[in-house]
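Coordinate inspection notes
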Amino acid sequence: MTGGRIAILDGNTFVVSDTRGDIEATPDDTAGLFSFDTRFLSKWVLTVNEQRLSTLSIDDLHYFETRFFLVPGTGTIYIDAKLSVIRDRTVNGGFHEELTILNHDDHPVKLEVRVDAEADFADLFEVKDVVPKKGKTYTRLGNGELALGYQRETFKRETHISSTQPAAFDENGMSFEITVPAHGRWTTTLRIVLSALASDGSPVLEAREHRSHDEMRDDLHQWIDAAPQLDCDWPPLKTTYRRSLIDMAALRFSPLTADGGTLPAAGLPWFMTMFGRDSIITSLQSLPILPGLAETTLRELGARQGTRLDDFRDEDPGRIMHEMRYGEMTAFEERPHSPYYGTADATPLFVVLLDEYERWTGDAELVRELEPEARAAIAWIDDYADLLGNGYLWYQRRNEQTGLENQCWKDSWDSISYRDGRLPGFPRATCELQGYAYDAKMRAARLARQYWRDPHYADALEKQAAQLKRRFNRDFWISERGHFALALDETGDQVDALSSNIGHLLWSGIVETSKARSVVKHLMSPQMFSGWGIRTLSTDEKRYNPIGYHVGTVWPFDNSLIAWGFRKYGFKKEAARVAAGILDAADFFDGRLPEAFAGYERPFTRYPVQYPTACSPHAWSTGAPLLLLRTMLGLAPHDGHLIVDPAVPPGIGHLELLNIPGRWGRVDAFARSAAGMERQHLRPQLSSVRDRKGFAAH
Amino acid sequence: MGQVTEAFLTGLSERGDEPPLRKITGTYRIDLRDNGKVDHWYLTFDGGKVSVKNSSKNGAKSRADCHMITDSELFDRMAGGRANAMAAVLRGAILVRGDLDKVVAFQRLFPGPPSHTARGRKQ
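So, here is what we can say about the structure in this document.

What counts, and where the lines are drawn
Residues numbered from 1 in each chain as written. Chains lettered and ligands numbered in written order. Predicted model: local features only at pLDDT ≥ 70, side-chain atom pairs only at ≥ 80, totals over all residues. Heavy atoms only, no water. Helix = DSSP H or I, 4+ residues; strand = E, 2+ residues; numbered from the N terminus. Rg over C-alpha atoms; globule rule 2.2 N^0.38 Å. Buried < 20%, exposed > 50% of the residue type's maximum accessible area, 1.4 Å probe, protein only. Contact = heavy atoms within 4.5 Å. Areas by Shrake-Rupley, 256 points an atom, 1.4 Å probe, with all protein chains shown as cover. Lys, Arg positive; Asp, Glu negative; His and termini not counted. Charge placed at Lys NZ, Arg CZ, Asp CG, Glu CD. 1 Å grid on protein atoms, 1.4 Å probe; cavity = no way out; pocket = protein on both sides within 12 Å on 5 of 7 lines; lining within 4 Å. Points joined across faces, edges and corners; volume = space filled by probe spheres on them. Nonpolar A, V, L, I, M, F, W, Y, C, P; charged D, E, K, R; others polar. Buried area = accessible area lost by both parts, 1.4 Å probe. Salt bridge = Lys/Arg side-chain N within 4 Å of Asp/Glu carboxyl O. Polar contact = N/O pair within 3.5 Å; in protein donor to acceptor, adjacent residues only side chain to side chain. Core = buried A, V, L, I, M, F, W, Y, C linked by side-chain atoms within 4.5 Å. Pairing = 2+ DSSP bridges. Phe/Tyr/Trp six-rings, centres within 6.5 Å; stacked < 30°, edge-to-face > 60°.

**Some words on the overall build of chain B**
From N to C terminus, chain B includes five helices and five strands. When the elements of chain B are put in sequence order from the N terminus, they spell out α-α-β-β-β-β-α-α-β-α. The C-alpha radius of gyration computed for chain B amounts to 14 Å, which stays within 12% of the reference 14 Å derived for 123 residues, consistent with globular compactness. Principal axes of the C-alpha set define a box for chain B whose edges measure 50 × 30 × 25 Å. Within chain B, the proportion of its 123 residues that are buried is 50%. Within chain B, residue pairs in contact and separated by at least 24 positions form 60% of the contacts whose partners lie at least 6 positions apart. As displayed, chain B offers around 5,900 Å² of accessible surface, 46% of which is attributable to carbon and sulfur atoms. Computing the positive centroid from 20 side-chain charges and the negative centroid from 14, chain B places the two 4 Å apart.

Quick look at the structure:
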């Protein structure tokens, strides 16, 4: 049992090993100890008497700690081992590994224990693209440690390996000649400390003080205790909720400038960094449960808001960043991520989050503090993003080598297509971006009136928003089909595919009321709704593929925003039905929703087929159940208090969420399904329970 | 010391009401190295007001909230929009003593590259 991947992490430091705890990376392989987007260990292999080990079991104790129970030998048949080996690994900055060997025999045993270590200092981007290194690696022995290093000009990274028990270090690792007494044990703690240095040896990226294992455990418990408590009659929801809280704790990332504050990174392990879109959407989803994430997200993204025109980074004044990276290729300007700005939605969504955050928390101070950033974000929409000068938000990358082609959330190459499968040219104006722009202006108007003492600005914004809404409902509406186009192309023609993007429009409020029912009907049609959730693309479109990344799969986060939109326009039952499908799916993944799953019709597979993806947990999938809770309970802040207007799918029964934090202090929300459980299944699924009106997925 | 650097730093006190500049408070010291000589700059930011002092005398070292040390050649390129400051920090080409968030705030004041292909109303 050596296949499979074990990943543990703390912030942006993470270890990916096999199930023995060993790391053996090849240049394009993803195993290793990574920190700040650099691989600090590419080999870490334990042997006892020159033998590799076999795994008996693995305890995933916490997201930052794993314990491997091993025995010597790699045979496939059962070995009556007289020795047990335990590796207890905790990630905190670098990592600690407590290595314990137990002798079960009646006599002492002499052993040679060895750990081979190597570091290739690959940039994460190099691991993906296999680029040869330009600098030199070195090793240094002395001071009771082995130091592995890499230097390219002023760029220097080092891995320091030491042990609490005396070890014989050499350039390839360390050895221990030990005798373990009869029925006795031997233990050492191996310590890996990482450093990013300038040429004079001073630290470049000094991480906050590393916390002890106990501090990390206490922190996790406090995180869970501070969140509202959920109870209900449908046990899987309780599991999913708890899983989301723990996974969100693991996904927290503390930028060095945030003074200990944390924001949600995009996904574990490859996207453990600040992202504009992902951090904002996850913060929005989490607001009712974990409002602190939004504050750090707003501050940190605001602090990095664009100020100049830079083609390489696709930066404009007022633009909110897309992605920050810290590795060698970014440091030498071979990649644009310092940060990279190529996203069209993060800027309006930044304003949306600021307003939504204030509605929940009443934190007027932050609204005043970020007034210049919010105004600059609004100005970006009109001054820099209206590439064709016709009042829409467009995107087209200026960095044609390493920039992103599609700067909306569906960022794969074929995600934006006409019904007949053709791909439009650039620039492109996808529909949801216009909704975000509308919402941003409406929300900024409220903030301007209430906090910035600028009613003229507020009036102007509302007027612009109203004009945009009118224009949008005319230009994007496909009247013969009764839904909005996915986008406008560079000639102003409609990109006419039926897609999930139109669900976001309801959330943003840009849809004229008379058109809402038709939009909802399309989204809940068999072409779009699989039974588990709403597909990214309709089954009738040429590019539809149930396992295509953005052209047919079901994304939980997408569905959570659509359900929120349904609630906004009064489609309670449809919102509950989407929630039921996604929460049913979550149950099949033990409460941890994948980034996406296949768009197959529900009766066809009977279980949701996960889209193969490298990241789990994924931030906005982790946030989806939190937002679905909000939509089911109908939670909405209004004039300083919290409205509760539940529409809970049949089968959940009694549902309560206690101690919801906000400007009201803490309040409780209670709800009950329209009808109780009528059928008992071994695995009760929400969507299989009919209510009196016959509402059920299948 | 390059002319670009001097124009950029002395120009900070005339930029007035720019929000990214108004956001910065505190003191900065910038040491620019050039063939064994060090040129010292002291900047104080206070709600949009900026005072800039230059001294090549080595004795005049005062403490600052944020102290950056780099080569004057590199600073010249940053001040001309031809090098990126955050990338330079990551590769150890700018040594930072003190608050990193002050560096993040300061680097927003550098101009973009001399040419670009952006479209839109403001270009």
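**What to know about the overall build of chain A**
Scanning chain A from terminus to terminus reveals 17 helices and 29 strands. Computed over its C-alpha atoms, the radius of gyration of chain A comes to 27 Å, within 12% of the 26 Å expected for a compact globule of 698 residues. Its C-alpha atoms give chain A principal-axis dimensions of about 85 × 65 × 50 Å. Here chain A, with 698 residues, has 64% of them falling under the buried criterion. Restricting to contacts in chain A with at least 6 residues of sequence separation, those with at least 24 account for 63%. For chain A, the accessible area works out to roughly 24,900 Å², and carbon and sulfur atoms hold 48% of it. Looking at chain A, you have 79 positive and 98 negative side-chain charges, and the mean spots of the two groups are 6 Å apart.

**Describing empty space enclosed by the protein**
Under the definition given, this model contains four cavities of 30 Å³ or more. As a volume, the largest cavity reaches approximately 140 Å³. Classifying every residue of the lining of the largest cavity gives eleven nonpolar, three polar and one charged.

**Some details on the environment of A:Glu177**
All names here are of chain A. With respect to the secondary-structure elements, Glu177 resides in strand β16 (residues 173-180). Sequence separation between Glu177 and Pro288 is 111 residues; the distance between their C-alpha atoms is 56 Å. Excluding its chain neighbours within four sequence positions, the residues that come into contact with Glu177 are Leu111 and Glu112.

**With respect to the interface of chain A and chain B**
Across the boundary between the two partners, chain A contributes 42 residues, which contact 32 residues of chain B. Buried area between chain A and chain B, summed over both chains or domains, comes out near 3,000 Å², and the portion from carbon and sulfur atoms is 52%. The tally of links from chain A across to chain B stands at two salt bridges. Here A:Asp200 makes a salt bridge to B:Arg97, at a shortest N to O gap of 3.2 Å. At the surface where chain A touches chain B, the tally comes to 16 residue pairs in polar contact (both at pLDDT 80 or more). Taken together, the elements giving at least two residues each to the side of chain A that touches chain B come down to β14 (155-163), α5 (292-303), α6 (328-331) and α9 (371-383) of chain A. Sort the elements by how many residues they give to the side of chain A that touches chain B and α9(A) lands first, with four residues. Among the residues making up the side of chain A that touches chain B, the classes are represented as 16 nonpolar, eleven polar and 15 charged.

**A few points about the nonpolar core**
With 217 residues, the main nonpolar core has A:Trp44, A:Ile101, A:Leu237, A:Phe566 and A:Leu655 as its most contacted residues. Sort the elements by how many residues they give to this core and helix α10 (residues 431-450) of chain A lands first, with ten residues. What A:Phe566 contacts, discounting residues up to four positions off in sequence, is A:Leu506, A:Val520, A:Leu523, A:Met524, A:Ile534, A:Phe571, A:Glu574, A:Ala575 and A:Val578. Among the nonpolar cores identified, the runner-up in size contains 32 residues, and B:Phe8, B:Tyr28, B:Leu100 and B:Val103 belong to it.

**Focus: the pairing of strand β1 (residues 6-10) of chain A**
Residues and elements named next belong to chain A. Summarising burial for β1: four of the five residues are buried, a large majority. Sheet topology note: the β1/strand β2 (residues 13-17) ladder contains five bridges and is antiparallel. Paired with Ile6 across the bridge in β2 is Ser17.

**Quick word on the packing of aromatic side chains**
All names here are of chain A. Going through the model one piece at a time under the given rule, you end up with 39 aromatic pairs over all chains. Look at Trp360 and Trp664: their rings are 5.5 Å apart centre to centre, the planes differ by 70°, and that puts the pair in the edge-to-face class. Taken as a pair, Trp360 in helix α7 (residues 346-361) and Trp664 in the loop between β28 (654-662) and β29 (665-672) lie far apart in primary sequence, 304 residues in all. Among the residues examined, Trp360 registers a relative accessible area of 0% and is labelled buried. Taking the centre distance of 6.5 Å and the plane angle of 55° together, the rings of Tyr395 and Phe426 count as tilted. One end of the pair, Tyr395, is in the loop between α9 and β21 (429-430); the other, Phe426, is in the loop between α9 and β21, with 31 residues separating them in the sequence. Relative accessible area serves as the criterion here: at 1%, Tyr395 is assigned to the buried category. Every member of this aromatic cluster is reached through a ring pair, and the members are Trp409, Tyr549, Trp555, Phe557, Tyr611 and Trp620.

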